[in-house]
Amino acid sequence: MTSLLLESPGGAGTAGTVGATRALGPVPETPEAAGPGSVPVALADPDRPRRRPVPKWLRRLLGPVLLVSFWQVGSSAGLIQADILAGPWTVLHTGYTLAADGTLGHNLVISLRRVALGLTIGVLAALVLSLVAGLFQIGEDLVDAPVQILRAVPILGLVPLAILWFGIGEQVKIFLVALGTAFPVYINTFAAIRGVDGRFVELARTVRLGRLGLIRRVVLPGALPGFLVGLRFAFTISWLVLVVSEQINASSGIGYLMDQARTFGQTDVIVVGLAVYGVLGLLSDALVRLLERRALAWRRGLEAS
Amino acid sequence: MTTRTTSPPPAPGATQVSAPAVPAPVVPVPAVPAPAVPAPAVPAPAVEGGPAVAGWAARQGGGAPGPAVRVREVRREFAGRAVLAGIDLDIAPGEFVALLGRSGSGKSTLLRILAGLDADATGKATVPARGAVVFQDPRLLPWTRVLDNVLLGLKGRQARAQAAVALAEVGLGGKERAWPGTLSGGEAQRAALARALVRSPGLLLLDEPFGALDALTRIRMHSLLRDLCRRHQPAVLLVTHDVDEAILLADRVAVLTDGRLSLDERVGLGGARHRSDPGFATLRTRLLAELGVTDDEASGAAGARGGEASGTTGRDAPVAAAKDAAGEP
Ligand SMILES: Nc1ncnc2c1ncn2[C@@H]1O[C@H](COP(=O)(O)OP(=O)(O)OP(=O)(O)O)[C@@H](O)[C@H]1O
Ligand SMILES: [Mg+2]
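Structure report, in brief. (Residues numbered from 1 in each chain as written. Chains lettered and ligands numbered in written order. Predicted model: local features only at pLDDT ≥ 70, side-chain atom pairs only at ≥ 80, totals over all residues. Heavy atoms only, no water.)

Concerning the overall build of chain B
Right, on to step 1. Tallying secondary structure elements over chain B gives nine helices and nine strands in all.
Right, on to step 2. When burial is assessed residue by residue, chain B has 55% of its 329 residues classed as buried.
Right, on to step 3. Nonlocal contacts in chain B, meaning residues at least 24 apart in sequence, comprise 72% of its contacts between residues at least 6 apart.
Right, on to step 4. For chain B, the computed accessible surface area is about 13300 Å², with 56% contributed by carbon and sulfur atoms. (Helix = DSSP H or I, 4+ residues; strand = E, 2+ residues; numbered from the N terminus. Buried < 20%, exposed > 50% of the residue type's maximum accessible area, 1.4 Å probe, protein only. Contact = heavy atoms within 4.5 Å. Areas by Shrake-Rupley, 256 points an atom, 1.4 Å probe, with all protein chains shown as cover.)

This is how it looks when you write it as structure tokens:
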């Protein structure tokens, strides 16, 4: 995780006590510089004018910008038909129009609400189940085996059944999102609870923490990193499940917008929808990262040492 | 054979404990060959914390309270092999006992039994209600700040203040808010010691607490431990590989061989101990012999350094600098 890239304060490649030589290939002529069998070390010339490095983010932007340029050029030149893929400029324009007339905002709120509800329900249920299974043997026997079996079922395969159960209202989407997010959270949290270092459990006994104290002070914090990993998966999966379920049966939401656009061949609207999903995915990932940073501050301490 | 200087004769017929003795709880150690008729519980009159001022000599007197730790016929088997084959041990309140033994002889096993961490051992053991353990590793919760680690399991504002004092005592004042991961090995071990001491334990169990420390830190920890024990007066069981450490610190030294205490005797060297003391050398030779190290071997190990015995057995490397700390107050 941490990269060991050490730089001296004066900048990269400052000559050390060895002394800077330009000699790269042949052994230096000065006889006192090296004994037999010694090899010169390549060091930078301190007098060499140093170029200012291009910032990393700028370099990383290069690829995407090039890609979009090709896309735009291809669209303008008629190489990419609008009914195959609308050009970037058209997409931007459509995005602006959709945002301005409120269509985008309205459907976005609906989609967000579905994900938020589904995630909350799924994560909470998974937390409870993983705690029950992780802390009690009887809980593991009752909960873990069924969950592990159900896990093998692809969640989207449940769509027909879910429609039969819940119709095509809000409940189906929320149910599917909840179900899809519950598994990664459960599996990671359960494994993390079971992985809590037994030595800490012993410690808790010697300081007479009691069962609740053990859970609060040892098990939960110890399992937190695993839970957060599960949460990250859950965020990704929640959008995935939502996209599919909104495109299959819905009368609102970003996925519905995209599906409507499909029937009219509006590729620009579809790309706008994709972009929105992408941004939402990025944002939710950033959210989990932020959570991790705050909750796992002690780890940063470890890394810093 | 077992020479016991402090213990009263073993209570006859005390084979099983059915009810916790008050105030000393009985470590839940089921008796193996459970007698058909449950024998009555023997309440061991253990005193918590030890007398505040009473020195060792005073405790030895006739009116001394019963032992803080009382171990009878404790056995532990792993896969049919008896690692502990009937241990009898008494530790008086405030007494410092060092337990020596080869690696794998069962020292940690005994300590874990006394810490109440081994439910499968058999026999009978009574310990003070308040015990504290310092494990070989510092075992600080990495997600909990140092002060809260020291406080673990304690409540209240007063405990908080005491924890801060304990941290200062071990030289970690100012590290209260640090994450354990940022401490050095010695600092972490000292924090673990503070965590044990803030409980004012009646029994302090130390499992090679200084094994991983460098010689200099070890010397400092020795004198720290001595001071703290003088002040808090717990009964102490120190498991160690280091014969010198045992002689320097303990009132009594016991050696665990083949599942039994093959030697258990007082260290009659007085308060300020020095390695140059002839009594020191004699006792060390005896202990090393008991551990199966001949004088030749011992001096051979330290041959490069003037033929002086290393005083260390087991997996630990000899600690050279520790020698110079012998007379340290
Ligand atoms: N949980 C266990 N399962 C099986 N065997 C065990 C277990 N714990 C300890 N033993 C065995 O019991 C013996 C004594 O172990 P113990 O840890 O008490 O040794 P020790 O005297 O503390 O050794 P060291 O000085 O190396 O720490 C060893 O042979 C070990 O293999
Ligand atoms: Mg051990």
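There is more to say, and it comes next.
Re the overall build of chain A
Right, on to step 1. In terms of helices and strands, chain A carries 11 helices and zero strands.
Right, on to step 2. Each helix and strand of chain A, ordered N terminal to C terminal, gives the series α-α-α-α-α-α-α-α-α-α-α.
Right, on to step 3. Counting all 305 residues of chain A, 34% fall into the buried class.

Regarding the pattern of salt bridges
Right, on to step 1. In the structure shown here, the tally under the stated rule is 26 salt bridges over all chains.
Right, on to step 2. Between aspartate 137 of chain B and arginine 199 of chain A there is a salt bridge; the shortest N-O distance is 2.3 Å. Here aspartate 137 of chain B is found in the loop between β5 (131–134) and α3 (146–151), whereas its partner arginine 199 of chain A is found in helix α7 (residues 198–206) on a different chain.
Right, on to step 3. For aspartate 285 of chain A, the salt bridge identified is with arginine 232 of chain A, shortest N-O distance 3.6 Å. Of the two residues, aspartate 285 of chain A is situated in helix α10 (residues 267–295) and arginine 232 of chain A in helix α8 (residues 210–248); the sequence distance between them amounts to 53 residues. (Salt bridge = Lys/Arg side-chain N within 4 Å of Asp/Glu carboxyl O.)

So, the nonpolar core
Right, on to step 1. Val218 of chain A together with Ile87 and Leu237 of chain B are the most contacted members of the largest nonpolar core, which totals 92 residues.
Right, on to step 2. Per element, the largest residue contribution to this core is 14 residues, and it comes from α8 of chain A.
Right, on to step 3. Setting aside residues no more than four positions away along its own chain, isoleucine 87 of chain B makes contact with Val71, Arg72, Glu73, Val74, Leu110, Leu256, Gly259, Arg260 and Leu261 of chain B.
Right, on to step 4. Residues Val134, Leu197, Ala250 and Leu291 of chain B belong to the second largest nonpolar core, which totals 54 residues. (Core = buried A, V, L, I, M, F, W, Y, C linked by side-chain atoms within 4.5 Å.)

Observations concerning the sheet that holds strand β2 (residues 81–91) of chain B
Pairing between the strands of a sheet is mediated by backbone hydrogen bonds and can be parallel or antiparallel.
Residues and elements named next belong to chain B.
Right, on to step 1. Strand order in this open sheet of three strands is β2-β1-β4, and the pairing throughout is antiparallel. Each end of this open sheet is capped by a strand with a single partner; those strands are β2 and β4 (122–126). Across the sheet, the axes of successive neighbouring strands diverge by a mean angle of 20°, strand direction being ignored.
Right, on to step 2. With eight bridges connecting them, strand β1 (residues 69–78) and β2 associate as antiparallel partners. Looking across to β2, one finds that valine 71 is bridged to leucine 89.
Right, on to step 3. Set on the sheet, helix α2 (residues 107–114) makes contact with β1, β2 and β4; between it and β1 the angle comes to about 125°. (Pairing = 2+ DSSP bridges. Axes fitted to C-alpha atoms, helices over the stretch in contact; angles between N-to-C directions.)

What about the site of ligand 1?
Residue and element names in this part refer to chain B.
Right, on to step 1. Inspection of the region around ligand 1 gives 14 residues, with Arg81, Ser103, Lys107, Ser108 and Thr109 positioned closest.
Right, on to step 2. At 2.7 Å, a backbone N or O of glycine 104 approaches an oxygen atom of ligand 1.
Right, on to step 3. For ligand 1, an oxygen atom lies 2.7 Å from a polar atom in the side chain of histidine 241.
Right, on to step 4. Burial of ligand 1 by the surrounding chains reaches 61%, relative to a free accessible area of 630 Å².
Right, on to step 5. If you list the elements that add at least two residues to the shell around ligand 1, you get β2 and α2.
Right, on to step 6. Examining the composition of the shell around ligand 1, we find that three residues originate from one element, α2, more than from any other. (Near = heavy atom within 4 Å. Polar contact = N/O pair within 3.5 Å; in protein donor to acceptor, adjacent residues only side chain to side chain.)

A word on the packing of aromatic side chains
Right, on to step 1. Enumeration according to the criterion identifies seven aromatic pairs over all chains in this entry.
Right, on to step 2. Between tryptophan 165 of chain A and phenylalanine 175 of chain A, the ring centres sit 6.1 Å apart and the planes meet at 70°, which makes this aromatic pair edge-to-face. In this pair, tryptophan 165 of chain A sits in helix α5 (residues 159–166) while phenylalanine 175 of chain A sits in helix α6 (residues 170–194), placing the two residues 10 residues apart along the sequence.
Right, on to step 3. Assessed through its relative accessible area of 22%, phenylalanine 175 of chain A is described here as partly exposed.
Right, on to step 4. When the ring of tryptophan 298 of chain A is compared with that of tryptophan 143 of chain B, the centres are 5.7 Å apart and the planes differ by 70°; the resulting orientation is edge-to-face. In this pair, tryptophan 298 of chain A is assigned in helix α11 (residues 297–304) and tryptophan 143 of chain B in the loop between β5 and α3, connecting two distinct chains. Like tryptophan 143 of chain B, tryptophan 298 of chain A is buried.
Right, on to step 5. One aromatic cluster is present, built from ring pairs that chain together Trp165, Phe166 and Phe175 of chain A. (Phe/Tyr/Trp six-rings, centres within 6.5 Å; stacked < 30°, edge-to-face > 60°.)

What to know about the interface of chain B and chain A
Right, on to step 1. Counting residues at the interface gives 23 residues for chain B and 18 residues for chain A.
Right, on to step 2. Surface buried jointly by chain B and chain A totals about 2000 Å² across both partners, of which 65% is contributed by carbon and sulfur atoms.
Right, on to step 3. Looking at the side of chain B facing chain A, the largest losses of area belong to Arg139, Trp143 and Leu152 of chain B, adding up to 33% of the total buried there.
Right, on to step 4. On the surface where chain B and chain A come into contact, there are three salt bridges.
Right, on to step 5. Glutamate 202 of chain A is the salt-bridge partner of arginine 139 of chain B, the closest N and O atoms lying 2.9 Å from each other.
Right, on to step 6. Residues of the side of chain B that touches chain A, tallied by class, amount to 11 nonpolar, six polar and six charged. (Buried area = accessible area lost by both parts, 1.4 Å probe. Nonpolar A, V, L, I, M, F, W, Y, C, P; charged D, E, K, R; others polar.)

Re the pairing of strand β8 (residues 252–257) of chain B
All names here are of chain B.
Right, on to step 1. In terms of residue burial, β8 counts as a mostly covered element, since five of its six residues are buried.
Right, on to step 2. Of the pairings in the sheet, the one linking strand β3 (residues 96–101) to β8 comprises five bridges and is parallel in character. Looking at the pairing, valine 97 lines up with arginine 252 of β8.
Right, on to step 3. Bridge analysis of β8 against strand β9 (residues 260–266) gives six bridges, and the strand direction is antiparallel. Bridging across to β9, alanine 254 finds its partner in aspartate 264.

Section: a nonpolar patch on the surface
Right, on to step 1. Taken together, Val54, Trp57, Leu58, Leu61 and Val65 of chain A make up a surface patch of nonpolar side chains, about 490 Å² in accessible area.
Right, on to step 2. Here tryptophan 57 of chain A is to be found in helix α1 (residues 56–76). (Patch = residues over 30% accessible without salt bridge, like charges linked within 9 Å, V, L, I, M, F, W, Y side chains within 5 Å.)

Side note on the side chain of serine 238 of chain A
Residues and elements named next belong to chain A.
Right, on to step 1. Tracing the backbone shows serine 238 in helix α8.
Right, on to step 2. Within polar-contact distance, the side chain of serine 238 engages the backbone oxygen of phenylalanine 235 at 2.6 Å.
Right, on to step 3. Not counting chain neighbours up to four residues away, the residues in contact with serine 238 comprise Val115, Leu119, Val177 and Thr181.

Comments concerning helix α8 (residues 278–290) of chain B
Residue and element names in this part refer to chain B.
Right, on to step 1. Here α8 contains 13 residues, and its C-alpha end-to-end distance of 18 Å stays within 8% of the 18 Å for a straight helix at 1.5 Å per residue.
Right, on to step 2. Inspection of α8 places Phe280, Leu283, Arg284, Leu287 and Leu288 among the buried residues, and these make up the whole buried set. What you see down the axis of α8 is that its buried residues fit within an arc of 135°, all on one side. Set apart from the buried face of α8 by more than 90 degrees, the exposed residues are Pro278 and Ala289.
Right, on to step 3. Near the N-terminus of α8, the side chain that reaches the backbone nitrogen of glycine 279, with its oxygen 2.9 Å away, is that of aspartate 277.
Right, on to step 4. A positive backbone phi angle near 90° is found at glycine 292, which sits one or two residues after α8. (Expected span 1.5 Å × (residues − 1). Arc of directions from axis to C-beta.)

Section: the environment of arginine 205 of chain A
Right, on to step 1. By the secondary structure assignment, arginine 205 of chain A is in helix α7.
Right, on to step 2. Each C-alpha atom, one on arginine 205 of chain A and one on glycine 195 of chain A, is 18 Å from the other, the two residues being 10 residues apart in sequence.

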